[in-house]
Every structure is written in C-alpha cells, then in structure tokens.
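Here's the letter readout for the chains.
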Amino acid sequence: MGNQKWPVARRHFNRARWHLFRWQLIQAYAEINRSLGAVYRHGAAHRLHAYLLELLGEEEVAREAAIEAYRNDPLNPKSFQLLKKHNLETEIEIGLSMLHNLLRERRWHKTSTLNAIESLKLLERSEDALALIAEARLKGVFKNDEEWAKHHGDALLRLRRFDEALNYLDDDLKRGECLFELGRFDEAEQKISGALAELPEDRPRGFHTLLHMLLFARGAYRDAFLEARHRHFNRALRDDIKASRYVHTIPPLVKAPAPVVIADYGIGDEIRFASVYPDLIRKVDGLSFTCEPRLKTLFERSFPRASFIPVRRWREEMLIRDPKSREGVTNQRLALYLSREALDQVESSGAFTSIFDVLAELRQTLGSFSHRASYLKADKTLVGAWRQTVKQMGEKGRPNVALSWRSILRSSARNCHYLRTDDLHSLAEVDATFWLFQTGLEESEIEKVKGILPTAKVIPDLDLLDDFEGQAAFLTCMDCVIAPCNTAAELAGALGVNTLMFGRTHGATIRLLPGGQDMWHQSMRGVLGDPIEDKATLIANLVNELRHSLK
C-alpha cells in the first residue's frame, strides 16, 4: 500500500514545485501538504514545506518544519543546510553525533554514506569527512578506487590542501579551483573554460565566480562581467518579464523613457558597483536603480539626478526578510531580486538592464575604472555628531582606526579570507584608538579584543547591520579603516576614507594594481602576506602599512 502512495506523493510534490516556480505560494503549499498526506516520510517534501512556510512569513512554524525535515531525512546534507539556515546549532550537533549509528543501522548503504560525507563537508567537518571516507572505503562502499579518490580529493580541497587534492581529483572544474587557489591562474582558466565548454548549450550553466575572477585577473574585464549572462536570473529578465525590454547596451537606455538598472549581488558588491553610477547618469536621463533599502537615502544624496527603488534581495543561506514584498511577483527566479513594486517599474520602463551589463559597457579597460577620490557622501549632520562622539571617547592626538576582521557570514569558504581575534596582537604596537567596526560582534570577541588592544572601543549606539547612514558618517570620522574584502571596506573606499583591505588568498590580488593600490577605490590599498596565506607576514605588513598611513 505504501509503495502505491509514492506516485501520488511525487505527483503532488512536482505540482508544488511547479506552483512555486510561478510564485503561486498558496497553491504550492496546498500541494505539498497533499504530498505529505500521501507519504509522510518524504524528506524533500518536508524541506519544501519548510521553505514555503518561510516564504509565507511563518518563520516560527518554518523553524519547526525544518526540524521535522531533518527527522525524516537525517543524513541528507540539504536537511542540515536547512537547520543551519534556521541557526539550529543544538539540533545540528545532535545530528552529527548520530551519523555513525545511522550508517550502521542502514548497513553502510551507499546513498546514505555519501549523504553523510557531504553533510560533514557542508558543516565544515572535512577532517571528519576524510575519516568517514577512509572508513567507507574499508566497508566496500565505493565501487572502485576512482570513486574513492573523487570524494577524498574533494574533502582535501575543502581543507584547502590544494596540492594534495590535485593528486586525486579528475573533475576539471575542481582541479581549476585548486589551481586558482594556488595562484596558477592560466592553468586554472584553461581547466575551467574547457569544462564549461563541454556543458549543454540549451540551458544556462550559471555564473561561474572563479571564471569571472580569472578573466578579471588577466584584464578581460568586459568578458568577466558578461559571465553574468549565464545566470538563471538573466534568462528570467529576458523571458519572464511581461513585454520584456531587457537591453544589454547603453544606447537603448538613452532613448528610452524611465529606464531602470537592476542592482545585484551582496550589499558590498552593490556599493562597489555604484562607482559606475556617475558615468551612467551623465549618459542617461531619468534613470532609476533598484537598491538595497538600507542604502536608499545614502544613494539619493550621493546621486541626486537618479531615482532609487528599494528592494531587499534574498540570499539562499539567510532567512528571508520581508516576504510580503514579493506578493504579486510572477515567478521564483524574479522573486530573489525584485519586489512587486520594483517589478512594476521594470515592466513599465522603456528599457531596463542589469548592473553587470552596465559594467561590461563602462569598465572594459583598466583605464576606464573610476579615478574619483570618492562617490558616496555621508550626511553632514551625522558626521558632525559622530566627530563629537569620537573626540569625547578617544584620546587627543591619537589617530582613530576602524577595525573589522571578518564578515557577518562565516563558513570555511569565507573564513580563509579573514583573521581571528587572536591574530590582532601586533596591532597593539601602533599608537591608535581602535574602534570595533565588526558586524555581529560577540561579547566573547569584545572581551578578547579589549585584552589584546588596550585602546579598543565599542562604538556606542550604532547598528552595524542596518544603519548605513550612521556607518557612513562614523567612517568619515576615521583616520584609517582596516578590513577584509567585506562591506565595511567597500563603504570606506566609496567614501574616500583611507582603507587597508587585507587578503589571505590569491583571489585578493585580482583587484590590486602593481604597488597594492585598489583599482576600484583610490583611497584603498591591499595588504597581503608572503606567501599569501601566511598570517605572520600579513599582520607584519598590516602594521607597517598602518604606521605609514597614519604619518
């Protein structure tokens, strides 16, 4: 009887996905409940159920549904991903402690074992994944040595043991990633380009971040930005907008009434890409840009000839904020980037384009990058208020330095770019007041940094997540800003504040000119280690650069 119900469950599950793609959330929710009614132990259906509840604004119920999704599919990495999204750390730790027992119960079933391995990688337990891969090999899970080598090599890659990983990986995309991280850019591009060329041409292959960076590194800036046209979202701009007037070049925007440019990527990227706005505004009248709502007033002051349409873009790894803003959007691909209000303006425009298309037109050569000292303007009243606060809390004659050492988003893929609080000791050699400009600052970090840097200060009453007007005003009062490649660095550079942006991977080099000057921001310099991943030389160079910049 149970087997007979699976076709019914799958049919309703597929209908739910169909309705979701068309952004018919109520119908999708009804179908997923029918699917679970037919077969309750259906992990994918539970995960979709949790996601739909999130989209419908039922965050607490979605949280419980995420736990239920894990219970019904406890080895699947997507179940752990959902727990991680809802910050369910206790449930994750319990789940990890049960992995081996579950595998024994399932007699090391191959799919279960591979899911467990992927879950460990996802949760940044790649050392544990290596051990499990070795154990699975002994249990005869892998059909041959080649299959074992694939998983072993991927775990080594995630541990950033790239030279070792190359000995095992035969996937050219992953080999290209290893070569990129080793700084062997030409070989990496050859591997990645070759692998992508073999993919089917009848469907979008997606934006390949490393290929974008490799093209950028060798000065093929236009091609680097055009890589964005391979995304599902760009296809949606062409195919899914009513009477679509999506254009790829600037002349149609010049002629069109009420043209719109759609901003993209994270908030730090949006700030960096806004360096092109003055050039575009000079060419196109009546221009509107979509923008992150937290940047709207800052952008309106900085670019008074343009209009800004606030729309909060969604990131898959973070819980959805303001789901009601998407009511009436016509499909899932558009909903990630456009609210109903923004979509209305795009549909009524004479022409619209994406910021990547604009960059491909206006940033084709090194000489075309902006030579402005700054392009964002902080609120003068707020700047005055913060100058007074900094003066009262700081020490006369001692320079003020804003300090960030990581991003709010942390993962093994991101942490390799950042520093830890324990790495900051040498900064105490510099006579400066260090203001902790760190989003998501934890109490344990505050105490540790204050123990390391006696002059460290916590910034009073400043929301470092949402208040970009306050952040811009505060940074304007600083003598220097230290940060990795995160939003703090991009904002400081856009304001023309003296900025030292440190990096620990070869990816950090692609935007630096000879001598260390950043190509996007005149007031920013890159600081690297030698070799590039070496923290000791990075910190020493950071101290030297800071001393020099404060003279």
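The coordinates are above.
Participant: Which parts of the structure should I look at to understand the overall build of the protein chain?
Facilitator: Helix and strand content of the protein chain: 29 helices and 10 strands. Taken along the three principal axes of its C-alpha coordinates, the protein chain extends 80 × 55 × 45 Å. Per-residue burial for the protein chain yields a buried fraction of 54% across its 551 residues. Partitioning the contacts of the protein chain with sequence separation of at least 6, the portion at a separation of at least 24 is 64%. With the model as given, the accessible surface of the protein chain reaches about 25,100 Å², and the carbon-plus-sulfur share is 48%. Side chains of the protein chain carry 78 positive and 76 negative charges; the gap between the two charge centres is 3 Å.

Participant: It is not clear to me how the side chain of Thr499 should be interpreted in this structure. Could you clarify?
Facilitator: Inspection of the secondary structure puts Thr499 in strand 9 (residues 499-502). A relative accessible area of 0% places Thr499 in the buried class. Engagement of the side chain of Thr499 in a polar contact is seen with the backbone oxygen of Val497, the distance being 2.7 Å. Leave out the neighbours within four places in its chain, and Thr499 touches Val481, Ala489, Ala492, Gly493, Ser523, Met524 and Arg525.

Participant: Help me understand the sheet that holds strand 3 (residues 307-310), please; the structure alone is not making it clear to me.
Facilitator: The strands making up a sheet associate through hydrogen bonds between their backbones, and the pairing can be parallel or antiparallel. Spatially, four strands are ordered 3-2-1-4 in an open sheet, and the strand pairing comes out parallel. Since the sheet does not close on itself, it has two edges, and those belong to strand 3 and strand 4 (352-354), each with one partner. On average, each strand axis in the sheet is tilted by 25° relative to the strand beside it, whichever way the strands run. Where strand 2 (residues 288-291) and strand 3 come together, four bridges link them in parallel fashion. Directly across from Thr290, in strand 3, lies its bridge partner Ile309.

Participant: Where do I start with the pairing of strand 2 in this structure?
Facilitator: Working note: regular strand, side chains alternate between the two faces of the sheet. Burial of the side chains of strand 2 extends over both faces: Ser288 and Thr290 are buried on one face and Phe289 and Cys291 on the other. Here two bridges tie strand 1 (residues 260-262) to strand 2, and the two strands are oriented parallel to one another. Residue pairing in the sheet places Val261 in a bridge with Phe289 of strand 2. Regarding topology, helix 20 (residues 296-302) serves as the crossover connection from strand 2 to the parallel strand 3, and that connection is right-handed.

Participant: What exactly am I supposed to notice about the packing of helix 5 (residues 77-85) against helix 8 (residues 110-122) here?
Facilitator: Working note: a packed helix pair is described by the angle between its axes plus the distance between those axes. In contact at an axis separation of 8 Å, helix 5 and helix 8 are set at 30° when each is read in the N-to-C sense. The orientation of helix 5 relative to helix 8 falls into the category roughly parallel. Residue-level inspection shows Pro77, Phe80, Gln81 and Lys84 of helix 5 in contact with helix 8, the latter providing Asn115, Glu118, Ser119 and Leu122. Each residue belonging to the contact of helix 5 with helix 8 can be placed in one class, and the counts come to three nonpolar, three polar and two charged.

Participant: I would appreciate a short explanation of the layout of surface pockets in the present structure.
Facilitator: To find leftover empty space, a probe the size of one water molecule is rolled over the atoms. Approximately 300 Å³ is the volume attributed to the second largest pocket. In terms of lining residues, the second largest pocket is bounded by 16 residues, among which Arg203, Pro204, Arg229, His230 and Arg235 are the most central. Where the lining of the second largest pocket is concerned, the elements lending two or more residues are helix 13 (185-197) and helix 16 (232-239). Among the elements that make up the lining of the second largest pocket, the one with the highest residue count is helix 16 (three residues).

Participant: Would you explain the pairing of strand 5 (residues 400-403) in this entry?
Facilitator: On strand 5, burial covers both faces: Asn400 and Ala402 on one face and Val401 and Leu403 on the other are all buried. Relative to strand 6 (residues 433-436), strand 5 runs parallel, the two being bridged by four bridges. Residue pairing across strands places Leu403 opposite Leu436, the latter belonging to strand 6. Summarising the sheet, strand 5 and strand 8 (residues 480-483) pair through three bridges and their orientation is parallel.

Participant: Where do I start with the state of the cysteines in this structure?
Facilitator: What we call a disulfide is simply a covalent bond connecting the sulfur atoms of a pair of cysteines. Taken as a whole, this structure holds zero disulfides when the rule is applied. No disulfide involves Cys485; its sulfur sits 12 Å from that of Cys416, the nearest cysteine.

Participant: What is the right way to read helix 27 (residues 468-476) from this model?
Facilitator: Each α-helix turn comprises 3.6 residues. Residues three or four places apart therefore point the same way. Counting buried positions along helix 27 gives eight out of nine residues, so the element sits mostly inside the fold. Those residues of helix 27 that fall on the buried side of the exposure criterion are Phe468, Glu469, Gly470, Gln471, Ala472, Ala473, Phe474 and Leu475. Looking at where helix 27 begins, the residue whose side-chain oxygen comes 3.4 Å from the main-chain nitrogen of Glu469 is Asp467.

Participant: Teacher, can you tell me more about the sheet that holds strand 10 (residues 524-527) here?
Facilitator: Strand order in the open sheet made by the six strands is 7-6-5-8-9-10, with parallel pairing throughout. Two strands lie at the open edges of the sheet, namely strand 7 (457-458) and strand 10, each paired on one side alone.

Participant: What should I look at first to understand unusual backbone geometry in this one?
Facilitator: Backbone geometry follows two general trends: most residues other than glycine have a negative phi, and most peptide bonds adopt the trans configuration. Omega for the bond connecting Asp530 with Pro531 falls within 30 degrees of zero, at 0°, which places this linkage in the cis form. Note that Pro531 resides in the loop between strand 10 and helix 29 (535-549). One non-glycine residue, Trp23, lies in positive phi territory at about 60°. For Trp23, the location among the structural elements is in the loop between helix 1 (2-21) and helix 2 (25-38). The backbone of Ala258 sits at a positive phi, close to 50°, despite the residue not being glycine. Note on placement: Ala258 falls in the loop between helix 17 (251-255) and strand 1. Assessed through its relative accessible area of 45%, Ala258 is described here as partly exposed.

Cut-offs used in this document
- Residues numbered from 1 in each chain as written.
- Predicted model: local features only at pLDDT ≥ 70, side-chain atom pairs only at ≥ 80, totals over all residues.
- Heavy atoms only, no water.
- Helix = DSSP H or I, 4+ residues; strand = E, 2+ residues; numbered from the N terminus.
- Buried < 20%, exposed > 50% of the residue type's maximum accessible area, 1.4 Å probe, protein only.
- Contact = heavy atoms within 4.5 Å.
- Areas by Shrake-Rupley, 256 points an atom, 1.4 Å probe, with all protein chains shown as cover.
- Lys, Arg positive; Asp, Glu negative; His and termini not counted.
- Charge placed at Lys NZ, Arg CZ, Asp CG, Glu CD.
- Polar contact = N/O pair within 3.5 Å; in protein donor to acceptor, adjacent residues only side chain to side chain.
- Pairing = 2+ DSSP bridges.
- Axes fitted to C-alpha atoms, helices over the stretch in contact; angles between N-to-C directions.
- Right-handed = clockwise from strand over helix to strand, strands pointing away.
- Parallel < 35°, antiparallel > 145°, perpendicular 65-115°, else oblique.
- Nonpolar A, V, L, I, M, F, W, Y, C, P; charged D, E, K, R; others polar.
- 1 Å grid on protein atoms, 1.4 Å probe; cavity = no way out; pocket = protein on both sides within 12 Å on 5 of 7 lines; lining within 4 Å.
- Points joined across faces, edges and corners; volume = space filled by probe spheres on them.
- Disulfide = S-S within 2.5 Å.

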